[in-house]
Amino acid sequence: MNINSLKKKCQDLRLKNLDICYKSGGHISTCLSTVEILVGIYYSRVFKFNPKKPKDSNRDYFILSKGHGCEIVYLILADLGFYSNNYFNNNYRKNNFDFAGHINSKVNGVEFSSGSLGHGLGFGSGIALSNKFKKNNLKTIVLMGDAECTAGSVWEAANFCSFNNLNNILTVVDFNKIGATENISSFSDPKLLEKKWVSFGWNVINVEDGNDLNSLIKAYKKFVNNKNKPTVILANTIKGKGIKMLENDPIWHTKQIDNTNYEKALKDLQNSFK
Amino acid sequence: MKIQKYTKDMRDDFFDFLLPIMEKDNMILIITNDYGAPMLDLIKKKFPKRCINCGITEQNIVSVSAGLAYNGYKPIIYSISTFITLRSFEQIKLDISVMKLPVVILSVGAGYAYSMDGPTHHATDDIAILNTLSNCRIISPSENSLILKKSIINFKFKGLTYLRLDRGKLQKLSNFFDYNSNTFRFKKVHKNILVISTGFLIQEITKSIQDSNIFSFSLMDIVQIKPIDKKIITYIKMFKKVIIVEEHIAEGGLFTIIQSLLNKNNIKSNISSLSLLQSSTYNYGDRDMLHRHNKIDIKSILGAI
């Protein structure tokens, strides 16, 4: 897909994301900040997958460590053919179905169930190490949040990856500077995040606009060509990207799109395409 | 009856047993939190890349092991019992149990095994917390031979296999029991009173019986605490009085597990518990003193009878 088609894909996904969260709830603002990150991974050929054979032994591994950002991943997997859009739309957040409000590994294409933060990088490290043992070239990509980077377990895993030279693992931090209730700066200095990863022995790529597909795809290619260290991309995103009303306002981490704000959100989103 | 002792600690006999299995199966890995053993050193020499010391990172050790298991490897986490269970409990629950991944924890330090090291090293509540999990089995051997079995490390069980080992040179008990299975053992002596226990206390009780030659109760050794074998009900029903003795808190421990099993099956039994007292659980001292303070020593057991 060319860059314009990828941008169109992002727009379509945002509309679907708004629609599903309006109908059934979800963490819309955290999903919207990661749209380009995920489209860059799944649609730019840096990542190998097989919708007809989700557990294909020749696949790369994607771990969503910030499990609350699941709706956009479910939508992408539907779009790629892991299951139908209708199946997802009819079963998301329904009793006795697997499309839970935090990502669930029972869903085709999902490797790992998460929701409690700070688990994904350790689990991904185990996969990356096992692929080193197997001497294959398969990649592991872990998407985590910036508030998640305050968890001690993240740094246990970060140390493990660099010490074991896991150059086959990529962490993407959705660096939107907002946690669940307030700005990250209320409990951790975001300016130190890059230094922390560098000091833990990682190859750090700072993407100034984490909602810019070109920059992200360039960063992914740098990771693929990196032969030494594990790589982290700090993708400076905007939480709620695409809907002005939501952008950079912590309240929307959990606040739901309802009848009173849906039309406004939709207009915002449509205007952002122009 | 002449008492025979093992020449090695449980863990070293286990690693001795494991080495030829690792030679044939290159998917088995040992993951540690900077914890060692003489026999592990030999394995490390032979398979340096398959023995991974992750440092003091119990949370990450569990997540990494789950990731390894997800991709087909067979990780054995080796740690002091209380560190790996309490500190990384959420990782055990979410990354192993929820994901249904075959991971073995080989832990040393059941109950007061590290008595003089204090409550930081005592595993007196590990059974209780792991008992809350699905896809989890807890094995509490009272002697070395009980874990030297391929079934324990065949990685067919989709979830956590938790081995709760003791320390020191233990006595051999295989000939003591009339009934032996993978899940429990039984010796019938007294027709009215049954003592049920697990792990190190079985060593203490059998030693006392052999020393004094006094058989004032029958004895059941629970080897697999979770899932508990329903067959024990048949034996329990044979007795008028049942006493469960454990080097663990009562809440969530062996007493709770057996009582719950009996309740679910509508079995009424005169069952009582000798377990750690809230007031003495966190005391320092040698194992004999800690047993006396918690009233789980032989004298207290005989008193309860």
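For clarity, every value in this text was computed on a predicted model and none was experimentally measured.

So, how was this worked out
- Residues numbered from 1 in each chain as written.
- Chains lettered and ligands numbered in written order.
- Predicted model: local features only at pLDDT ≥ 70, side-chain atom pairs only at ≥ 80, totals over all residues.
- Heavy atoms only, no water.
- Helix = DSSP H or I, 4+ residues; strand = E, 2+ residues; numbered from the N terminus.
- Polar contact = N/O pair within 3.5 Å; in protein donor to acceptor, adjacent residues only side chain to side chain.
- Contact = heavy atoms within 4.5 Å.
- Axes fitted to C-alpha atoms, helices over the stretch in contact; angles between N-to-C directions.
- Parallel < 35°, antiparallel > 145°, perpendicular 65-115°, else oblique.
- Left-handed = near helix turned anticlockwise from the far one by under 90°.
- Core = buried A, V, L, I, M, F, W, Y, C linked by side-chain atoms within 4.5 Å.
- Buried < 20%, exposed > 50% of the residue type's maximum accessible area, 1.4 Å probe, protein only.
- Domains from an automatic or database assignment.
- Buried area = accessible area lost by both parts, 1.4 Å probe.
- Salt bridge = Lys/Arg side-chain N within 4 Å of Asp/Glu carboxyl O.
- Nonpolar A, V, L, I, M, F, W, Y, C, P; charged D, E, K, R; others polar.
- Disulfide = S-S within 2.5 Å.
- Pairing = 2+ DSSP bridges.

1. Side note on the side chain of Thr30(A)
Residues and elements named next belong to chain A. Residue position: threonine 30 is located in helix H2 (residues 28-33). Looking at threonine 30, its side chain comes within polar contact range of the side chain of lysine 66, at 2.6 Å. Ignoring anything within four residues of it in the chain, the contact list for threonine 30 reads Lys66, His68, Gly69, Asp174 and Lys239.

2. Quick notes on the packing of helix H1 (residues 3-24) of chain A against helix H3 (residues 35-43) of chain A
Residues and elements named next belong to chain A. Relative to each other, H1 and H3 sit at 125°, their axes nearing to 10 Å. Considered as vectors, H1 and H3 are oriented oblique to each other. H1 and H3 meet at a crossing whose hand is right-handed. Across the interface between the two elements, Leu6, Lys9, Cys10, Leu13 and Arg14 of H1 pack against Val35, Glu36, Val39 and Tyr43 of H3.

3. A few points about the nonpolar core
With 79 residues, the main nonpolar core has Leu121(A), Trp197(A), Ile196(B), Ile222(B) and Ile258(B) as its most contacted residues. Per-element accounting of this core gives the leading share, seven residues, to helix H3 (residues 58-70) of chain B. The residue makeup of this core includes at least three contributed by each of domain 1 (10-165) and domain 2 (179-304) of chain B. Setting aside chain neighbours within four positions, we find Ile222(B) in contact with Ser140(B), Thr183(B), Phe184(B), Ile196(B), Ser197(B), Thr198(B), Ile228(B), Ile232(B), Leu254(B) and Ile258(B). Listed in part, the 60 residues of the second largest apolar core include Ile103(A), Ile141(A), Leu170(A) and Ile233(A).

4. Details of the interface of chain A and chain B
Contact with chain A, which involves 23 residues of that partner, is made by 25 residues of chain B. Here chain A and chain B share an interface that buries about 1900 Å² over both sides, 59% of which is from carbon and sulfur atoms. The interface formed by chain A and chain B contains zero salt bridges. Where chain A packs against chain B, one counts ten residue pairs in polar contact (both at pLDDT 80 or more). Secondary structure elements with two or more residues in the side of chain A that touches chain B: helix H6 (120-133) and helix H7 (152-163) of chain A. At nine residues, H6(A) tops the list of elements feeding residues into the side of chain A that touches chain B. Partitioning the side of chain A that touches chain B into residue classes produces eight nonpolar, ten polar and five charged.

5. Some remarks on the state of the cysteines
Under the defined criterion, the tally for this structure stands at zero disulfides over all chains. Cys70(A) takes part in no disulfide bond, and the closest cysteine sulfur, belonging to Cys31(A), lies 6.3 Å away. No disulfide involves Cys54(B); its nearest neighbouring cysteine sulfur is the one of Cys161(A), lying 11 Å away.

6. Describing the pairing of strand S8 (residues 184-187) of chain B
Residues and elements named next belong to chain B. Residue alternation in S8 divides its side chains into two sets, Phe184 and Phe186 and Arg185 and Lys187, and both sets are buried. Pairing between strand S7 (residues 179-180) and S8: two bridges, direction antiparallel. Residue pairing across strands places tyrosine 179 opposite phenylalanine 186, the latter belonging to S8. Between S7 and S8, which follow one another and run antiparallel, lie three residues.

7. Overview of the domain arrangement of chain B
Residues and elements named next belong to chain B. Domain boundaries assigned for chain B yield domain 1 (10-165) and domain 2 (179-304). In this complex, domain 1 contributes 30 residues to the contact, which on the side of domain 2 involves 32 residues. Across the domain 1/domain 2 interface, buried area totals approximately 2400 Å², and carbon plus sulfur atoms make up 56% of it. Counting every contact that joins domain 1 to domain 2 gives one salt bridge. Arginine 185 is the salt-bridge partner of glutamate 143, the closest N and O atoms lying 2.6 Å from each other.

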